[in-house]
Amino acid sequence: MNPLVLPVDENSIARAAALLREGKLVAFPTETVYGLGADATNGPAVAAIYAAKGRPSFNPLIIHVAEPRALDNLIEWNDTARLLASSLWPGPLTLILPRKNDSPISLLASAGLDTLAVRIPSHPAAQKLLRAVNLPIAAPSANASGKLSPTTPIHVAESLGNKVDLILAGGRSQIGVESTVVNLASPQPSILRPGGVTQEQLEMILGYKLPLYDAPAESTDAPPSPGMLASHYAPHLPVRLNAENIGDREAYLAFGPDSFVKGGAARLNLSPQGDLSEAAANLFAMLRELDKPIYSGIAVAPIPNTGLGVAINDRLSRAAVR
Ligand code: TXA
Ligand code: MG
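From a predicted model like this one, the values you see are computed outputs, not experimental measurements.

Asker: What am I meant to see in the overall build of the chain here?
Answerer: Scanning the chain from N- to C-terminus turns up eight helices and 14 strands. Taking 20 Å as the expected radius of gyration for a compact globule of 322 residues, we find that the chain reaches 19 Å, a close match to that expectation. Overall, the C-alpha framework of the chain stretches about 60 × 50 × 35 Å when taken along its three principal axes. When each of the 322 residues of the chain is scored for burial, the buried share is 57%. Summarising the internal contacts of the chain: among those between residues at least 6 apart in sequence, 66% fall at separations of at least 24. Split by element, the accessible area of the chain, about 13,400 Å² in all, is 54% carbon and sulfur. Computed over 26 positive and 28 negative side-chain charges, the separation of the two mean positions in the chain equals 4 Å.

Asker: What should I look at first to understand the sheet that holds strand 3 (residues 35–39) in this one?
Answerer: Picture the strands of a sheet paired through backbone hydrogen bonds; they go either parallel or antiparallel. An order of 1-8-2-3-7-4-6-5-9-10 is seen for the 10 strands of this open sheet, with the pairing classed as mixed. Edge positions in the sheet fall to strand 1 (5–7) and strand 10 (190–193), since each of these pairs with one other strand and no more. Where strand 9 (residues 180–183) lies against strand 10, three bridges are found, and the strand directions are antiparallel. Paired with Asn183 across the strands is Ser190, a residue of strand 10.

Asker: Would you mind going over the pattern of salt bridges with me for this structure?
Answerer: This model, assessed by the stated rule, comprises nine salt bridges. For Glu67, the salt bridge goes to Arg69, with nearest N and O atoms at 2.9 Å. Overall, the relative accessible area of 26% leaves Glu67 in the partly exposed class. Given the relative accessible area of 61%, Arg69 is considered exposed. The partner of Arg315 in a salt bridge is Asp314, with the nearest N and O atoms 2.7 Å apart. On the basis of relative accessibility, which here comes to 1%, the residue Arg315 falls in the buried class. A single salt-bridge network, built from bridges that share partners, covers Glu178, Asp314, Arg315 and Arg318.

Asker: What am I meant to see in the confidence of the model for the chain here?
Answerer: Residues shown with low pLDDT carry predicted positions that ought not to be read at fine detail. Taken residue by residue, the chain gives an average pLDDT of 91. The fraction at 70 or more is 92%. Note on residues 216–223: pLDDT under 50 across the span, and five contacts to partners over four residues away in sequence or across chains.

Asker: Looking at this structure, I do not really get the packing of helix 7 (residues 276–290) against helix 8 (residues 309–320). What am I missing?
Answerer: Two quantities define a packed helix pair, namely the angle between the axes and the distance from one axis to the other. Running from N to C, helix 7 and helix 8 cross one another at 20°; their axes reach a closest spacing of 9 Å. The angle between helix 7 and helix 8 places the two elements in the roughly parallel class. Along this stretch, helix 7 crosses helix 8, giving a crossing that reads as left-handed. Contacts between helix 7 and helix 8 pair Leu276, Ala279, Ala280, Leu283, Phe284 and Leu287 from the former with Gly309, Ile312, Arg315 and Leu316 from the latter. A per-class count over the contact of helix 7 with helix 8 returns eight nonpolar, one polar and one charged.

Asker: Help me understand helix 5 (residues 153–160), please; the structure alone is not making it clear to me.
Answerer: Since the α-helix advances by 3.6 residues per turn, residues separated by three or four positions end up pointing in the same direction. Taken residue by residue, helix 5 has Pro153, His155, Val156 and Leu160 as its buried positions. In a view along the axis of helix 5, the buried residues occupy a sector of 155°, so they form one face of it. Of the exposed residues in helix 5, those oriented more than 90 degrees away from the buried face are Ile154 and Glu158. Among the structural elements, strand 2 (26–28), strand 3, helix 2 (43–53), strand 8 (166–169) and helix 7 are those in contact with the buried residues of helix 5. After helix 5 finishes, the residue Gly161 shows a positive phi value of roughly 50°.

Asker: What is the right way to read the sheet that holds strand 11 (residues 239–240) from this model?
Answerer: Taken together, the four strands give an open sheet; going across it, the order is 11-14-12-13, and neighbouring strands pair in parallel fashion. Edge positions in the open sheet fall to strand 11 and strand 13 (266–269), since each of these has one partner strand only. Sheet analysis places strand 12 (residues 250–254) next to strand 13, joined by four bridges and oriented parallel. Opposite Ala251, over in strand 13, you have Ala266 as the bridge partner. Where helix 7 meets the sheet, its contacts fall on strand 12, strand 13 and strand 14 (297–300), and the angle it forms with strand 13 comes to roughly 175°.

Asker: Would you mind showing me how to read the packing of helix 1 (residues 10–21) against helix 4 (residues 124–133) here?
Answerer: Interaxial distance between helix 1 and helix 4 falls to 9 Å at its minimum, and their mutual angle equals 55°. By the criterion of interaxial angle, the relationship of helix 1 to helix 4 is oblique. Here helix 1 runs over helix 4; the crossing is right-handed. Side by side, helix 1 and helix 4 meet where Ile13, Ala16, Ala17, Leu20 and Arg21 of the first sit next to Ala125, Lys128, Leu129, Ala132 and Val133 of the second. Considered class by class, the residues forming the contact of helix 1 with helix 4 number eight nonpolar, no polar and two charged.

The rules behind these values
- Residues numbered from 1 in each chain as written.
- Chains lettered and ligands numbered in written order.
- Predicted model: local features only at pLDDT ≥ 70, side-chain atom pairs only at ≥ 80, totals over all residues.
- Heavy atoms only, no water.
- Helix = DSSP H or I, 4+ residues; strand = E, 2+ residues; numbered from the N terminus.
- Rg over C-alpha atoms; globule rule 2.2 N^0.38 Å.
- Buried < 20%, exposed > 50% of the residue type's maximum accessible area, 1.4 Å probe, protein only.
- Contact = heavy atoms within 4.5 Å.
- Areas by Shrake-Rupley, 256 points an atom, 1.4 Å probe, with all protein chains shown as cover.
- Lys, Arg positive; Asp, Glu negative; His and termini not counted.
- Charge placed at Lys NZ, Arg CZ, Asp CG, Glu CD.
- Pairing = 2+ DSSP bridges.
- Salt bridge = Lys/Arg side-chain N within 4 Å of Asp/Glu carboxyl O.
- pLDDT = per-residue confidence, 0-100.
- Axes fitted to C-alpha atoms, helices over the stretch in contact; angles between N-to-C directions.
- Parallel < 35°, antiparallel > 145°, perpendicular 65-115°, else oblique.
- Left-handed = near helix turned anticlockwise from the far one by under 90°.
- Nonpolar A, V, L, I, M, F, W, Y, C, P; charged D, E, K, R; others polar.
- Arc of directions from axis to C-beta.

Shown next, in the form of structure tokens:
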């Protein structure tokens, strides 16, 4: 059975909000990737997210709201959080903060941690939905666990099918990689997941260095951001990074002017101009497009490890772990 897919308008937003209030699952667009949303205060609804994604239950979810005020009864604010919130929200930033004792968020949503991941997305449809439902919404990326994140409603339908009650179709996600996760719950703030906001942007606002947490390569026991498992965002085909040549049966994912690299069975270019924002926006869709059994693997050109390139290389290195 195909899932219900509706374009974003007043009626579909009202319908989506009603479904969320009933404890149902709604996939919705954000500026980073599509999210699989449920009422974060409703334990069974949150459990349905884990079931639909086939996600290990120790992996906590991001709580989405429309405006900072809506976080007052969920988390303990601190000065750094207020500074980052006023500079970068709404936008592709997730903050980890201490959970309020009487926070109404389901314990399952935060996987039993005493912290919460919170985010205010900027996508107009996400904003409208969050305002209409007026509840905190738990939303991981709307894909089966460990697979590529969806940047179009079609990706969501392909990955989750009728496990989702409604897909709000709001076009392509503009940023294309997930939000940057910043841990503000420990004395020394750090970046747990590189994403749509760059390390440089954050350091500029904070006025000090923000270390990038290095995920232990294969360890699955209690990483500080449990979504940072080494193998994640995995296409079916083997992925070969920093490729300087291409095998006859390999598909090639290029970056920048690439005419000097010949061969391959297929090729797509993340950004012929070498623009990292364009590359981030194309990343998951192009990996999906090349992930076909007719090829032997996906060879990926080197991507500069600066700005948004850090998030792109992070996702690529996870895609390359078998
Ligand atoms: O851009 C995004 O962030 C998308 C859109 C839908 O908002 N959401 C997303 O959610 O990527 P998800 O569930 O795929 O990733 C959430 C990340 C994971 O790495 C998870 O481990 C981490 O946030 N996380 C959630 N709660 C946490 C917590 N309390 N402490 C540390 N890390 C946490
Ligand atoms: Mg995800």
